Amino acid sequence: MPEFCDVALPVPLDTAFSYRVPEGMEPAIGGRVLVPFRQQRMSGIVVDLHDRTPAVVTKNVVSVLDAAPVLDAQLLRLGKWIADYYLAPVGEVFRTMLPLSAEFKRTIVYRIAEQGQMALHLGGTSGSSARARRTPEEQLVEFRVLDYLANRAEALEPSLRSATSVSRTVLTGMVRKKWILREDVSGARDAARLVKIAVLRSAENSRSALVPADEDPSAGSGQANRRSTPRRNANQRTVIETLAAAGGRLAVDILQTLDVPRTTLGTLVKRGLVEILEEPAEFHVSRTKPRPSPFGFQFNPAQQKALRRIEEGVAARKFAGILLHGVTGSGKTAVYLAGMRAVLEAGRSAILLVPEIGLTPAVAADLHQVFGDKVAILHSALSDQERAEQWHRIKRGEARMVVGTRSAVFAPVSDLALIIVDEEQDSSYKQEETPRYQARDVAVMRAKMADAMVVLGSATPSLESYYNAQKNKYALVELPDRVEQRPLPEVELIDMKQEFQETGQEQVISRKLAEEIRERIERKEQVMILLNRRGYSPVALCRACGHRMECRNCAVAMTQHKGARRMVCHYCGFQAPIPKTCGECGSEYVYFLGTGSEKLEELLHGMFPTARIGRLDRDTVRGNEDFERVLNALNQGQLDLLVGTQMIAKGHDVHGVTLVGVVGADIALGLPDFRAAERTFQLLTQVAGRAGRGQTPGKVVLQTYFPDHYAVQYSARHDFVGFYEKELQFRTWMHYPPYSALANVLVRSAKLEEALQWSGVLGKWFDGTRHEGVRVLGPAAAPIVRLKRDYRYHFVLKSASREKLNSLLRTMLSYAVSQKIPRTQVIVDVDALWLM
Ligand SMILES: [Zn+2]
Ligand SMILES: [Zn+2]
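Fair warning: this is a prediction, and the values are worked out from it, not measured in the lab. Within any chain, residue numbers begin from 1 and follow the written order of that chain's sequence. In the order they appear in the text, chains get letters beginning with A and ligands get numbers beginning with 1. Confidence filtering applies because this is a predicted model: local features only for residues at pLDDT of at least 70, side-chain atom pairs given and counted only at 80 or more, and all residues used for totals across whole chains, interfaces and linings. In computing side-chain values, all of the structure's heavy atoms are included and hydrogens and water are not.

Help me understand the sheet that holds strand S15 (residues 401–404), please; the structure alone is not making it clear to me.
DSSP bridges decide pairing: two strands pair if at least two such bridges lie between them. For helices the rule is a DSSP run of H or I covering at least 4 residues; for strands it is a run of E covering at least 2, with both sets numbered from the N terminus onward. Ordered in space as S14-S15-S13-S16-S17-S12-S18, the 7 strands form an open sheet in which the pairing is parallel. Both outer strands of the open sheet, strand S14 (375–378) and strand S18 (475–479), are each paired with one neighbouring strand and no more. Taking the axes of each pair of neighbouring strands and ignoring which way they run, one obtains an average angle of 15° across the sheet. One ladder, built from 5 bridges, connects strand S13 (residues 349–353) with strand S16 (residues 416–421); its direction is parallel. For Ala350, the partnering residue across the bridge sits in S16 and is Leu418. Sheet strands in contact with helix H13 (residues 361–371) are S14 and S15, and its direction is about 165° off that of S14. For every element, the axis is a line fit to its C-alpha atoms; helices are fit only across the contacting stretch, and the angle between N-to-C directions ranges from 0 to 180 degrees. In this description, contact between two residues means that some pair of their heavy atoms is separated by no more than 4.5 Å.

Teacher, can you tell me more about empty space enclosed by the protein here?
Cavity means a closed set of points on a 1 Å grid over the protein atoms alone, one where a 1.4 Å probe fits but cannot get out, pocket means an open set with protein on both sides within 12 Å along at least 5 of 7 lines, and lining means a residue has an atom within 4 Å of a point. Grid points are joined across faces, edges and corners, and a volume is the space filled by probe spheres set on the points. Across all of its chains, the model carries 3 cavities of 30 Å³ or more by this definition. The computed volume of the largest cavity comes to approximately 50 Å³. Here the term charged refers only to Asp, Glu, Lys and Arg, the term nonpolar to Ala, Val, Leu, Ile, Met, Phe, Trp, Tyr, Cys and Pro, and the term polar to all other amino acids, Gly among them. Per-class residue counts for the lining of the largest cavity are 5 nonpolar, 1 polar and 1 charged.

What is the right way to read the coordination of the zinc ion (ligand 1) from this model?
Tetrahedral coordination by four donors puts the ideal angle at the metal at 109.5 degrees, and octahedral coordination by six puts it at 90 or 180 degrees. Metal-coordinating donors are taken as N, O and S atoms lying within 2.8 Å of the metal, or within 3.2 Å when the metal is Na, K or Ca; because water is left out, some sites can appear incomplete. Surrounding the zinc ion (ligand 1) are the protein donor atoms Cys542 (SG), Cys545 (SG), Cys582 (SG) and Cys585 (SG), at 2.2 to 2.4 Å. The site at the zinc ion (ligand 1) holds 4 donor atoms, and with the angles between them running 107 to 111°, its shape is tetrahedral. Linear spacing of the donor residues for the zinc ion (ligand 1) on their chain is C-x2-C-x36-C-x2-C. Here Cys585 lies in the loop between strand S24 (575–576) and strand S25 (590–593) and Cys545 lies in the loop between strand S21 (539–542) and strand S22 (559–561), a separation of 40 residues in the sequence. Square planar and octahedral sites, with four and six donors, are those where opposite donors lie more than 155 degrees apart and all other angles lie between 65 and 115, tetrahedral sites have four donors with every angle between 85 and 135 degrees, and the rest are irregular.

Would you mind showing me how to read helix H6 (residues 168–176) here?
In an α-helix, one full turn covers 3.6 residues, which means residues spaced three or four apart are oriented alike. A 1.4 Å probe rolled over the protein chains alone gives each residue an accessible area, and that area as a share of the maximum for its type sets the label: buried under 20%, exposed over 50%, partly exposed in between. Of all the positions in H6, only Val170, Leu171 and Met174 are classed as buried. For H6, the buried positions fall inside an angular range of 100° around the axis, keeping them on one side. Turned more than 90 degrees away from the buried face of H6 sit Thr169 and Arg176, all of them exposed. Where H6 is buried, its residues touch strand S6 (108–112), helix H4 (136–150), helix H5 (157–164) and strand S8 (180–184). Positive backbone phi, at 65°, marks Lys178, one or two positions downstream of H6. Regarding the arc, it is the one traced by the directions from the helix axis to the C-beta atoms.

What should I look at first to understand the coordination of the zinc ion (ligand 2) in this one?
Looking at the zinc ion (ligand 2), the protein donor atoms are Cys551 (SG), Cys554 (SG), Cys569 (SG) and Cys572 (SG), and they sit 2.2 to 2.4 Å from it. One can describe the site at the zinc ion (ligand 2) as tetrahedral: its 4 donor atoms subtend angles covering 99 to 116° at the metal. Donor residues for the zinc ion (ligand 2) sit on one chain with the sequence pattern C-x2-C-x14-C-x2-C. Of this pair, Cys551 sits in the loop between S21 and S22 while Cys572 is found in the loop between strand S23 (566–568) and S24, placing the two residues 21 residues apart along the sequence.

Explain the environment of Arg823 here, please?
With respect to the helices and strands, the residue Arg823 is situated in the loop between helix H25 (802–818) and strand S33 (826–830). Using a relative accessible area of 18% as the deciding quantity, one classes Arg823 as buried. Put simply, Arg823 and Leu13 are 810 residues apart on the chain and 7.9 Å apart in space, counted from C-alpha to C-alpha. Each residue touching Arg823, except ones within four places of it in the same chain, is listed here: Pro12, Asp14, Leu87, Ala88, Pro89 and Leu813.

Functional significance is not addressed by these values, which are geometric in nature.
So, in structure tokens, the structure goes:
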């Protein structure tokens, strides 16, 4: 065994650390070890084993956590690539790749010992402490700890510390004095959440269960002919049929929502036809009613062609990429699932990445229906424990189909054949904290390393991906038509400037949109209205002095939330009472300006008092289950009108919607961000795609103050290529992606002087450094100059050469360290999505 190992630790430092491997220990490259680091123990990934004596004195490895690698050679390589490309500390990258923190989260409990009881009883704690001289404050803290522990059997370390403000050092001292006992109870796992699952006893039973009971051989030995055996009634059949349709297993909760008496299930259990098991709750999958199979209809020629391309690519066992550009409603998901099924049948593995809002329980149920227990679903609602369990299922090869949000790109599958990125332009693929990776781009790199196929799918591909397809980096495959020849909706533009001139007042809903809504409600059709701004009013303004109410922590206006009776900052979450008088001059003339989704809902209630109106935004939706509940209500015709933010624009098939109204389509166009037009175009196209997905053709009414803006014009004509050409021109002129690599360097500090000083130091350094081929803009105040209490200044770097850009950034970071600027206060965001 080599004498030393290098370990990548999850700390904001760019190096690995060397440790000595004690006799008898056998760490593996790619496996975890526990090592001492700055007065604590930390787990890290072994990246090298060697016999080169390090220049500094090395400490010993404490223990080996994995005998075999948890990151295989390919994932190690991918992690190093991410660290290099995004300039992130490699240990932090590895931590992101491994969702196993729950496994060695240490649980420490404390109890009071007999000597501690005595010390407490003797009044004060001075008695036995002749050796250690302690300040009165320390004595007081010790007393608080003993008093706290005397009142309970035991206490978890975090609760003890927060209740008494005791430091670890004092606790350790008290343990040494034998006043208190410390015990490590890690590994005593929390009991997993259990759900009751009803299981059909066997396929044979499910068949025989459908014949009358007195012909059923399983109804009891020797009693089959007894005339008194009750016949299987309709209720029992309903339960059995539902179970059979769901593949034989379903959560008891679901069965109880069927329109049958609760006793029916009990009867079936008694008869031995159904069994009830308790299982760990994996996901909310089994809680959802089954839907018709996603393969229920025939593939059209374009879908068949797309599927063939995927299958050929997979069979070739070489890297290849496809950009699957399919209009809204063209059946991309069915193609993905068919491609994955082919991979499963070939005995290999596939990963499907979906945007954060995409993984609803219904989608999960579809996946289970198609892939059975071969699928692992990695969802943001999973606990750390559940996430770790799913990770192990994948690692063991039990689940070879992986579906999940961003971090599922790191799933430890073997023999990876296919990675699919659905809605590849979605901003949730970009992680907005260290490591700031873009999962779509990581997926492409992983596919390259694995000689696998990557499919990027979208109705509105990002400029980067479309450009790459044009440069033949990916093959472009189009799904130009909606399934079943449904037409794309007609779009009507309403110029709100003209509306103002003609009506003499600021309108939220134009006359035309109001008329169209009324018609739909009369015809019992459904309407969606997009207003991409939540809350009631976005601005509170004093008419006497012009003061605008801003967040205490951020340089942004606070939004009025009428229902919650609060002013809320949408950036940091800070809340304050709704002001009655101006905080600046005391005047009573505080006005609330502008309209958010909450106010729009109220307005529509006023205009259409009999309509049933729902709202979908971050205030009404906490998780994907809420999201789905609202969509279900819409699907089942329980709503006439749905108001919401961009949430309503995402995916999802609602057949009754024949009108989509867009209010304030221009909000995003006003942002100082070079992607503003692209985002607006994507949002408008996506929301327009919600109209007319059923039998009746759809219509879109788009209200705007900029009817001539190209993003608005092209989306109204469903003309992606036209928009793309125009936007690319702009990007060339301005040297923006995809024509150059871009990085945002943000310098932040809670102290204004520090933020200014540090950005000044770096600005001077950039000025005095040769950096041919890299443009450096800044330092400038960030568009949001204060956010979550930090003052922010930034540089924007652009270069045609990614190598030059990254090498300059790397040198800059080491210069920053040499100038004692903390690494955590200089944020390098490579391929930044937001420059705010
Ligand atoms: Zn005022
Ligand atoms: Zn704030």
